[in-house]
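What follows is each chain in one-letter form.
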Amino acid sequence: MADYDRRQSGGFNRKRRYRDDDEYDRRPQRRRFEAPLPVRIRKQLLGLAESPLRRWHEEVQSIAQAIAEGYDDQELQASFLDLVPQMVLEQPLKTPFVAAVVLVVNSLKPEVLDALLARITSATEEKAKEGEWRDVKLYLKFLACLQSCLEGDGLFLVLDELFSRAVDLQTASSEDTIGTELVKIILLTIPYILAAAPSTQSQQKAAELMDKTDIIASEPHALQVLIDPYHPEQESESPVASLSLISLLQKQLQNEAANDWPLSCLPRPWRMPLEEIEQQEKLDNAQKHTLPVISLPDKVTTGPRPLFPEIYYSVYVHQEVESVPPVSSIASSIIRDALLDTINVLHFNRNVTARFLIDADCYFAPGTFIKRATPFDRLREMDGDRSSWKPEDVAVDAVFSQLYQLPTPEHKLVYYHSVLTEACKIAPAAIAPSLGRAIRYCYQNSYRLDLELSHRFLDWFTHHLSNFGFMWKWTEWVDDVGLPDMHPCKSFILGALDKEIRLSFAQRIKGTLPEPYQALIGPEKEQDTPDFKFNHEHTPFSAEGKELAALLKRKAPDEEIQPVIDRIHSAALDQSIDPLVTSTDVFMTAVCWVGSKSLSHVLACIERTKDRLLDAGAASEAARAQIITAVVSYWSAHPGVAITIIEKLLNYSIVTPGAVIDWALVGDRAGPYGQALSKAWVFELVFHTVVKVTSRLRQVVKGGGTEGVQEEIAAMRELFRAMNDALISWAQGTKDQLMDPVSSDGGEDLVKRWGERWLRVFRRRSAIEEAFLSESQTSS
Amino acid sequence: MRTGVRSTVDRLDAPSAYYHSRNNKRRRNDHGRDGKDGKDGDTEMQDSKPEEPPEDPLRNATTLYVGNLSFYTTEEQVYELFSKCGEIKRLVMGLDRFQKTPCGFCFVEYYTHQDALDCMKYIGGTKLDERVIRTDLDPGFEEGRQYGRGKSGGQVRDEYRDDFDEGRGGLGRAIQAERMRDSERNREKDTHHEDDYGRLR
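Calculation criteria
- Residue numbers restart at each chain and count upward from 1, following the sequence in its written direction.
- Chains carry letters from A onward and ligands carry numbers from 1 onward, assigned in written order.
- For this predicted model, a pLDDT threshold of at least 70 governs which residues receive local features, and a threshold of 80 or more governs which side-chain atom pairs are given and counted, while totals over whole chains, interfaces and linings are taken from all residues.
- The side-chain values count all of the structure's non-hydrogen atoms but skip hydrogen atoms and water molecules.
- Only DSSP runs of H or I with at least four residues qualify as helices, and only runs of E with at least two residues qualify as strands; both kinds are numbered from the N terminus onward.
- A 1.4 Å probe rolled over the protein chains alone gives each residue an accessible area, and that area as a share of the maximum for its type sets the label: buried under 20%, exposed over 50%, partly exposed in between.
- Note on contacts: a residue pair is in contact if any heavy atoms of the two residues lie within 4.5 Å.
- In these tables, accessible area is a Shrake-Rupley quantity obtained with a 1.4 Å probe, and a residue counts as shielded only by the protein chains included in the view.
- By this rule, a helix spans an expected 1.5 Å times one less than how many residues it contains.
- Definition of a polar contact: a pair of N or O atoms within 3.5 Å, with one able to donate and the other able to accept a hydrogen when the atoms are protein atoms, and with sequence-neighbouring residues admitted only if both atoms are side-chain atoms.
- Only strands that DSSP links by at least two bridges are regarded as paired with each other.
- Axis geometry follows a simple rule: fit a line to the C-alpha atoms, using only the stretch in contact for helices, then measure angles between N-to-C directions, giving values from 0 to 180 degrees.
- A pair is scored as a salt bridge if a Lys or Arg side-chain nitrogen falls within 4 Å of a carboxyl oxygen belonging to Asp or Glu.
- These descriptions rest on fixed angle ranges, namely under 35 degrees for roughly parallel, over 145 for roughly antiparallel, 65 to 115 for roughly perpendicular, and the rest for oblique.
- Each crossing is labelled by how the near helix is turned from the far one, with a counterclockwise turn of less than a right angle marking it left-handed and a clockwise turn marking it right-handed.
- Where each domain begins and ends follows an automated or database-derived domain assignment.
- What gets called buried area is simply the loss in accessible area from a 1.4 Å probe that two parts show on being joined, summed for both.

Focus on the overall build of chain B
Helix and strand counts for chain B stand at 4 helices and 6 strands. What you see in chain B, going N to C, is helices and strands ordered as α-β-α-β-β-α-β-β-β-α. Expressed as a percentage of the 201 residues in chain B, the buried residues total 56%. Of all intrachain contacts in chain B linking residues separated by at least 6 positions in sequence, the fraction that spans at least 24 positions is 63%. Approximately 9,900 Å² of chain B is accessible, and the part contributed by carbon and sulfur atoms is 49%.

Now the structure itself:
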C-alpha cells in the first residue's frame, strides 16, 4: 500500500496515442532490481497483514528475522526506528502486527527494543505537550501491545498518571473536556494491554484503574446535550441519550472483566500456533525492558482542535438482526476507534482510507466478521454462535459517525463523502447495499435528527448520487410525494431534487425519477435562463426594466442609468409606493437578467454596478431586503444560483448578514406561514451566512488584532440574538403569520417543530462561538 | 510531504508529474512552448528569468487547474461541487479560442491554500456532470495569461482524439474536420458573447 498509485478507475482513453491531460505516469515499469534491505523491510512492514492469504505468524516472523539479521546496517536501523512510530500513527489498524514484529525481534535481538522504546516514549511526551491526544493514544496503544516485554507494571504506570491528571481537571471544572479525553484514552488502552499480557497481575491492575475511572465515565457530561445528533420531539428521549462513548466503554470493559477478558475481536499476532511452540517459548522468555518514564506537561492543553465529549452513533443498531457489534460489546468501541483513527489520519489519501475500510476484517481476529459482501437478508440464517457482523456495515457506520459528528468532524465533510465514494467504487456489491440501508435509516429518522445533520445528510446523499449516475430507488418513497411540503420527508425529497439538479441539469434528473416525482420538477427548472418579468407588457415599469437591461448590456455609464431610475422614483411616488424599493427591484432584476448567462456574467455586472447597489443597500432596510428578494425571485427555479449571488453580495457588503437573516426568518418573504423554515435552500442560505460571519470573526480574533474586534463580536452576538428572537416566535407559535386563521390547516405543529429544530442549531452555533471567544480570551 | 517526512502512503495533494515535467523542461530549454504537452504549455508567460529562485511557486497556490470537464458543464455546476471545499474566489472557464464556448477545462481559485489542497484530496478524481475530473495545483491566473490551445481553438487533447466523447464534442476535431468538412455544425454556434466572459473578480 506504500506505493499506492493514483490510478483512476475510469477506463476512458485506453489508447494513449496522444498524451491526454490525465497525466498519471503509467509508463511500463522498469525491470525490477533487487532493492536494498532497508527498502525491502520498509515495504514488507508497510504491507503487514494486508493480504488475507498470508498467515500472520509467518509474516511477522519473517520480517522480524530479516530485521534482526540485518540490524547492524546503520541505514536499516535508522529507517526502522523512524518507520515504526510513523506507522503506528498513520496506519493504526496495523499496530498489533507491528508490535508482534517488534516482540519477535526482541526475542532475537533485545537491544533493538531499548532504542525503540526510547523513541516512542519521547515522541509520546512531545505529542502530549502539543495536546495531540490522538497521537498519544496511538503510541500508548502500541506500547500496550508490547506490555508483555515490559518490566513490572509497564504501561499501567502511565495510565495511572493520566488518570490523576484527569481527576484534577474534572474537579476543577464540570465542563472540562480534556479530562474526559484522557479517561477515554485510558479505557481504550486497557484492552490492548490485556490482549498482549493477560496475566492476573494485569487483570488486577485493570480492575483497580476501572474502579477509579467509573466516577468520571459514568457521569453524563455537561456538554452532551449540545452534541447529541438527535433532537427528539418533546416528551421523547434521544435514542442515544445513554450512549456517551466513555460510559459505554466503562460498561463494556466491566463486562469483559467479568468474563475473564475474552476480548475476542482483537488480533493476537504475537501468539504463535501450536506447531511454533519453540518460537512461543522464546517469546515468553524474551528479555524484559523498563519502560522509560513518560512525563506529562505541567499544564495539559486541548491542542489544535477543540475537544468535545463523544457519543456513539450508529445507523445500524436498531435492526432486528445484528449487522454491527451491539453497544454492549467492547468490539463496537474498539473497532470503531481503530477505524475512526484510520479515516481521520489518512485524510491525504482517500483511496487508501477506503481500501482500509474494505479490508477491515483483515485487521481483527478471525471470525469477528461474517464473510464480506454477505447480503443482509442472509444474516438471519446464521447459526447462533457465528458472528453476523458485516464488515461493510461496520465501515459505513464509522464514516457516518463522522458525517454526523457535532459540532464538526475533524475534516471537511466532503472528505467523508469522498471516502464513501471510493469505498463504493472499490467494492460496489458490498458497500452499495449497506449505504442503501443507511440512507433509509437516515431518511426515516430525519424528523428527529438535528437539523444541521439533516442538511449534511442531504448534501452527502446528492453528492454521492452524482458520482453514481444519480441512481436511487425513488420508488420506495413514492407514497411520500403526496405529503405536505413541510413534512420532513417531503422537505428532504424537494431539497434532494434541487441539489441533484444543481450538480447536473433538470432534464437529466427527471429521467432518473418515477412518474409521481415528475411533477416536482416544473418546466421553469428546465429553462436555461429565467424570463425577465419586465419583458411582459403588464408588469409595472416594464419599459424602464427593458431600458435598464439594455443600458446594462452595453455597459452604459452610470449617468445614463440615473435618469431611468429617477423616472421610476417619480412614478412610484405618484402611485405612493416606496420609490427606492421599486427602483431597486427593477435594477437588481435587470442585473440578474443581463447576467443570466453564467455566474461570471452576473458577477461582472455586479462589479460594474456595485456603487449603485451599495448606495441602494445602505439607504434602507427595505431596499436591502428588496435586493435579496429580486435575486431570489429571479432565480426561484434555481435557488443554488441565488445563494451564490447573495454570498457575493455579502462579500461586497451590498447586503448585510442581518438583512439575510431578517429576510429569511422574519416575515413571509422566503415562504408564507413559516414554510420557509422547511425549505432546504433557506437553511443553506442562512447557515452559510452565519458561517461567513463566525469564521471571519475567528480569523480576526486569531490574527490577534484588537482593532474592531469588539465591534465584530458585538455584531455577531446581535446576529445570533436576532435569529433567536425570530426563531423563538416560530417555535412557540406566537408568530403573527402562524396565527393567521387561513393557514390553520394542521401545518402549525409542523412549523413549530421546524422552528425548534432551527433554534437548536443556531443556539449551538452561538454557544460554540462563545466558548471559542472565552477560550481565546483566557489563553491570550 | 508537507511535514518534510515522507508519509507511509502517497499524498493526493501533491502536484502532478505534469507540473514537474513541464517545469523541468522549461528550465532546460528556456522557452517551454510546446503544445503537445497534455495540459498545453502556456504560450505566453512573463519572460522566464535565467535563474529561477528555488522557492516552490505552488507553496501557497490557491488555484487549481480542472480538466476533463464536459463542454456542457456550466459554471454553476462547478461552483456547486467545488464550494464543498471552501468559498470560491474566482472561476475562469477555459474557452475555445474561436467559438468562445467552454472547451473542457477551468481554473478554480480559492481564498486559501488549504482549501486548494483539500480540493486536490477530496474532489480531484471524483465525478462532476458524470465525468471523472482531474485537478492540479496551479501557480495562478494572471491577466493576459494564455492557455495553449490547438489549431482548432480547443485543447490539444481534443484535436486528434479517436474515441467518441460526447461530452467533448465527439471525435477529435482534426479527425472530425476531415470527415465532416461540409456538414454544418450548428450546436455550438453562439451569436452573442461578451468580451469579459470568464473574467470574474
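Picking up where we left off.
Some details on helix α3 (residues 74–90) of chain A
Residues and elements named next belong to chain A. The first and last C-alpha atoms of α3 sit 24 Å apart over 17 residues, in line with the 24 Å expected at 1.5 Å per residue. Buried residues along α3 sit in contact with α1 (37–46), α2 (56–70), α4 (95–108), α5 (111–130), α6 (133–145) and α12 (330–345). One side-chain oxygen of the residue at the start of α3 lies 2.9 Å from the amide nitrogen of glutamate 75, identifying that residue as aspartate 73.

A word on the sheet that holds strand β2 (residues 88–95) of chain B
Adjacent strands of a sheet pair through backbone hydrogen bonds, lying either parallel or antiparallel. Residue and element names in this part refer to chain B. As summarised here, the arrangement of the 4 strands in space is β2-β3-β1-β6, forming an open sheet in which the pairing is antiparallel. Edge positions in the open sheet fall to β2 and β6 (134–138), since each of these has one partner strand only. Within this sheet the neighbouring strands show an average axis-to-axis angle of 25 degrees, counted without direction. Strand contacts of helix α3 (residues 113–122): β1 (63–67), β3 (102–110) and β6, with the helix running at about 150 degrees to β6, the strand carrying the most contacts.

Side note on the pattern of salt bridges
This structure, assessed with the given rule, holds 69 salt bridges over all chains. Between Glu422(A) and Lys425(A) there is a salt bridge, with the nearest N and O atoms lying 3.3 Å from each other. Here Lys425(A) and Glu422(A) lie together in helix α15 (residues 413–426), a separation of 3 residues that amounts to about one turn. A relative accessible area of 5% places Glu422(A) in the buried class. With its nearest N and O atoms 3.8 Å apart, the salt bridge here joins Lys648(A) to Glu87(B).

What to know about the packing of helix α13 (residues 350–358) of chain A against α15(A)
All names here are of chain A. Interhelical geometry of α13 versus α15 gives an angle of 60 degrees and a closest axis separation of 8 Å. With respect to their mutual orientation, α13 and α15 come out oblique. Relative to α15, the crossing made by α13 is right-handed. Across the interface between the two elements, Arg350, Asn351, Thr353, Ala354, Arg355, Leu357 and Ile358 of α13 pack against Tyr415, Ser418, Val419, Glu422, Ala423 and Ile426 of α15.

Structural notes on the domain arrangement of chain A
Residues and elements named next belong to chain A. Split into domains, chain A comes out as domain 1 (37–233 + 244–257), domain 2 (330–375 + 384–520), domain 3 (527–655) and domain 4 (687–779). Computed over C-alpha atoms only, the centres of domain 1 and domain 2 are separated by 30 Å. Contacts between the two partners involve 32 residues from domain 1 and, on the opposite side, 29 residues from domain 2. When domain 1 packs against domain 2, close to 2,500 Å² is buried across both sides, 63% of that on carbon and sulfur atoms.

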